[in-house]
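Single-letter residue listing:
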Number of protein chains: 2
Amino acid sequence: MKKAAATRLHILQKAFELIYNQGYQTTSLDDILATTQVTKGAFYYHFKNKDEMGIAIIEEMLKPVITSGYIAPLEKEANPVELIYEMMQHLLLKNEFLKIELGCPAANFVQEMAPWHEQFSKVLSELTATWEKTIAESLEKGKRNGYIQKDVNSKQATIFILSGYWGIRNLGKLEKDTAIYKAYLKQLKHYLSSLSTAG
Amino acid sequence: MKKAAATRLHILQKAFELIYNQGYQTTSLDDILATTQVTKGAFYYHFKNKDEMGIAIIEEMLKPVITSGYIAPLEKEANPVELIYEMMQHLLLKNEFLKIELGCPAANFVQEMAPWHEQFSKVLSELTATWEKTIAESLEKGKRNGYIQKDVNSKQATIFILSGYWGIRNLGKLEKDTAIYKAYLKQLKHYLSSLSTAG
DNA sequence: AAAAAAACATACCAAGTGGTATGTTTTAAA
DNA sequence: TTTAAAACATACCACTTGGTATGTTTTTTT
C-alpha cells in the first residue's frame, strides 16, 4: 500500500475505534490527531472535514465488515432460521470487537446522526437496506426450500428481527451483562421457530 | 405553583423538547436559555450544572409520563397479549409528542449517555427496570389467568418485547415512515400470540 | 418595616471546537 | 536532475462551550 493511503486508512481505523468508544460528536479532531499521531495538515489533506471522515468510516469500515461478515453468510441455501440465529449469536456473543456497553456501531451512528445529517442518514439507510434485503431474501429462499412457512411475510419478519437486534444492543448498554443477550437469543429462537415449518 | 417552581418546570419542559429534537450533547445551554428566555443566573440557581438538569428531565419528565401512561395500564387483569400490544400501538402510532424521525426519548438518552455517564446510566436503568418488571408481572398474571402458556419465560419474553420496541424506534429514524411501525406491530402480534394459550 | 434569604440578571472567562493559511518535506514525473 | 505535484507540518483564529463571580431584584420571614 502506498504510504499516503496507509495514513488515510490509519486515521479511519483509529477514528472508528475512538468514535465507537466515545461517540461521534464527542470525539474531537484533536482526539483523533493525538491518537493517530497525524497532524492537522495531513488530516485535512485526506478529508474535507470531520463529517466527510465520518461518512468514509461508514462506507469503508462499517460497510465492508457488515457485508462480508454478516450479509454474505446469509446467502447460503441453508435453513434461514439457523443462518439468522447464528448471525445474531455471532454478533452478540462471539464478535470480539463489539462491546456490550458500547452497543452497535451502526446503531450508534443512526441514533446520533440520522435525524440531523442527511448524508449520514443516507449511507446508513443504504447499509440497513441491503441487510434487510438479504434477510428477506434468505427467508424467501427458505420458503422455496421448505424451511419457512409459505404464509410468512418476509419483509415484516425481517423488520421484526432487525429491530430486536438494534434494541437489544441498546438495552445491553444499560445492563452491561451478556445474560440479557442470551435471554434475547432464546426468544429469538422461539420466534424464528414460529416461522419455521419444523417449529 | 410558586413562581420559582414554575421557571424550573419551564426549563425542564423546554429543554426536554429541545433535547428530543436535537440530542442532549448538541443542545447547548445557550440554546436552552434562548428558548426559555431564562438567564444563566436563573438556570444555575435551579441546577448545579447541565448534567443535573439532564437527570432531572429523566426523573421528572420522562419517568412520570412513562409510569402513568405506559406502566400503569399494564397492571390491569386483562389479557397481557392485548395490553402489551395496545401499549406498543399507542406508543408507536398514537402518541402525538413522539416523532418517528426522532425516536424514543429514553432510548436516545441511553444511546447518547449511558456508556459514559454513570449517573445517567443509573436512572435510565431504574426506569427500564420498572418497565421490565411490570411487563414481566403482567405476563405472570396472564399465566395465572389462563391467557399465557405456563412454559413461557416471562423475563425472557419481556426482554425480547422491549428490545423490539427500542430497535424499531431506531429503525424508524432511518425510514421515517410509519409503515415500518405497522410491519413491526404485525409481527409483534404474531409473536405475542405464540405466547398465548389462544394463539 | 427591616432583614435575610431566595430568585434572578449581567458580565466575564478559560478551555476546547472545527477549520484555515501558509508553510515544508517527500514523492514521482519530465 | 530539475520540477511540479502530492503529502504532511505548524501556527493561528473565530466561535462556541459550560461554568463562575458578582451583582440586583423579588419574596419571605421576623
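Whatever comes next refers back to the structure up there.
Residues numbered from 1 in each chain as written. Chains lettered and ligands numbered in written order. Predicted model: local features only at pLDDT ≥ 70, side-chain atom pairs only at ≥ 80, totals over all residues. Heavy atoms only, no water.

Draft legend 1. Broad picture of the relation of the copies chain A and chain B. Superposing chain A onto chain B takes a rotation of 180° combined with a translation of 0.0 Å along the rotation axis, leaving an RMSD of 0.0 Å. Expressed as an axis order, the relation between the two copies is that of a two-fold axis. Comparing interface residues between copies, 98% of those in chain A also lie at the interface in chain B; the contact surface is shared. (Least-squares fit on C-alpha atoms with pLDDT ≥ 70 in both. Contact = heavy atoms within 4.5 Å.)

Draft legend 2. Focus on the pattern of salt bridges. Residues and elements named next belong to chain B. Considering all chains together, one arrives at 10 salt bridges over all chains under this definition. With its nearest N and O atoms 2.5 Å apart, the salt bridge here joins R8 to E60. With R8 in helix α1 (residues 3-22) and E60 in helix α4 (residues 50-71), this pair connects stretches of sequence that are 52 residues apart. One salt bridge in this structure joins K122 and E126, with 3.9 Å as the shortest N-O distance. Of the two residues, K122 and E126 both sit in helix α7 (residues 118-144), four residues apart, roughly one turn of that helix. On the basis of relative accessible area, K122 is assigned to the exposed category, the value being 53%. (Salt bridge = Lys/Arg side-chain N within 4 Å of Asp/Glu carboxyl O. Helix = DSSP H or I, 4+ residues; strand = E, 2+ residues; numbered from the N terminus. Buried < 20%, exposed > 50% of the residue type's maximum accessible area, 1.4 Å probe, protein only.)

Draft legend 3. Quick look at the interface of chain A and chain B. Taken together, the contact pairs 47 residues of chain A with 46 residues of chain B. Here chain A and chain B share an interface that buries about 3,900 Å² over both sides, 63% of which is from carbon and sulfur atoms. Inspection of the chain A/chain B interface yields zero salt bridges. Across the contact surface, chain A and chain B share 17 residue pairs in polar contact (both at pLDDT 80 or more). (Buried area = accessible area lost by both parts, 1.4 Å probe. Polar contact = N/O pair within 3.5 Å; in protein donor to acceptor, adjacent residues only side chain to side chain.)

Draft legend 4. Structural view of the protein's contact with DNA strand D. Surrounding DNA strand D, one finds 16 residues, the nearest of these being Y45(A), H46(A), L29(B), K40(B) and K50(B). When the atoms of DNA strand D within 4 Å of the protein are grouped by moiety, sugar and phosphate amount to 63% of the total. Here T7(A) contributes a side-chain N or O atom positioned 3.2 Å from a phosphate oxygen of DNA strand D. Between a phosphate oxygen of DNA strand D and a side-chain N or O atom of T39(A), the distance comes to 3.1 Å. Counting residues per element, the ones that place at least two in the surface near DNA strand D are α1 (3-22) and α3 (40-46) of chain A together with α2 (29-36) and α3 (40-46) of chain B. Ranked by residues supplied to the surface near DNA strand D, first place goes to α3(A) with five residues. Looking at the surface near DNA strand D residue by residue, the classes come out as five nonpolar, seven polar and four charged. (Near = heavy atom within 4 Å. Nonpolar A, V, L, I, M, F, W, Y, C, P; charged D, E, K, R; others polar.)

Draft legend 5. Region of the structure containing the side chain of E112(B). All names here are of chain B. Inspection of the secondary structure puts E112 in helix α6 (residues 105-113). K50 provides the closest opposite charge to the buried, salt-bridge-free E112, at an N-O distance of 7.2 Å. In terms of polar contacts, E112 uses its side chain to reach the backbone amide nitrogen of Y24, at 3.1 Å. In contact with E112, not counting residues within four places along its chain, are G23, Y24, Q25 and T26. (Lys, Arg positive; Asp, Glu negative; His and termini not counted.)

Draft legend 6. Examining helix α2 (residues 29-36) of chain A more closely. All names here are of chain A. All buried positions along α2 are accounted for by L29, I32, L33 and T36. Down the axis of α2, the buried set is contained in an arc of 95°. They therefore lie on one face. Packed against the buried residues of α2 are α1, α3 and α4 (50-71). Just past α2, the residue Q37 takes up positive phi, approximately 60°. (Arc of directions from axis to C-beta.)

Draft legend 7. Region of the structure containing the protein's contact with DNA strand C. Taken together, 16 residues surround DNA strand C, and among them L29(A), K40(A), Y44(A), Y45(B) and H46(B) come closest. Contacts to DNA strand C include L29(A), whose backbone N or O atom sits 2.6 Å from a phosphate oxygen. At 2.6 Å, a side-chain N or O of H46(B) approaches a phosphate oxygen of DNA strand C. Elements with a contribution of two residues or more to the surface near DNA strand C: α2 and α3 of chain A together with α1 and α3 of chain B. Looking at which element gives the most residues to the surface near DNA strand C, the answer is α3(B), with five residues. Taken together, the residues of the surface near DNA strand C break down into five nonpolar, seven polar and four charged.

Draft legend 8. Looking closely at the side chain of K173(B). Relative to the helices and strands, K173(B) is located in helix α8 (residues 154-175). Among the polar contacts listed, one links the side chain of K173(B) to the backbone oxygen of Q111(A), at a separation of 3.2 Å.

Draft legend 9. Structural detail: the packing of aromatic side chains. By the definition in use, this model includes 23 aromatic pairs over all chains. Considering the side-chain rings of F43(A) and F47(A), the 5.3 Å spacing of their centres and the 45° angle between planes classify their relative orientation as tilted. Neither residue differs from the other here; F43(A) and F47(A) are each classed as buried. Measuring from centroid to centroid gives 6.0 Å for F109(A) and F120(A), while their planes differ by 20°, and the two rings are stacked. Here the residue F109(A) occupies a position in helix α6 (residues 105-113), and F120(A) occupies one in helix α7 (residues 118-144), the gap between them amounting to 11 residues. In this pair, the class of F109(A) matches that of F120(A), namely buried. Each member of the aromatic cluster is reached from another via a ring pair, and the members are F160(A), Y184(A), Y191(A), F160(B), Y184(B) and Y191(B). The lysine or arginine in question, K50(B), covers the ring of Y24(B), its NZ or CZ lying 4.5 Å from the ring centre. (Phe/Tyr/Trp six-rings, centres within 6.5 Å; stacked < 30°, edge-to-face > 60°. Lys NZ or Arg CZ within 6 Å of the ring centre and 35° of its normal.)

Draft legend 10. Region of interest: α6(B). Judged by how many residues are buried, α6(B) sits mostly within the fold: nine of nine residues are covered. The set of residues buried in α6(B) consists of P105(B), A106(B), A107(B), N108(B), F109(B), V110(B), Q111(B), E112(B) and M113(B). On its buried face, α6(B) is in contact with α6 and α8 (154-175) of chain A together with α1, α4, α7 and α8 of chain B.

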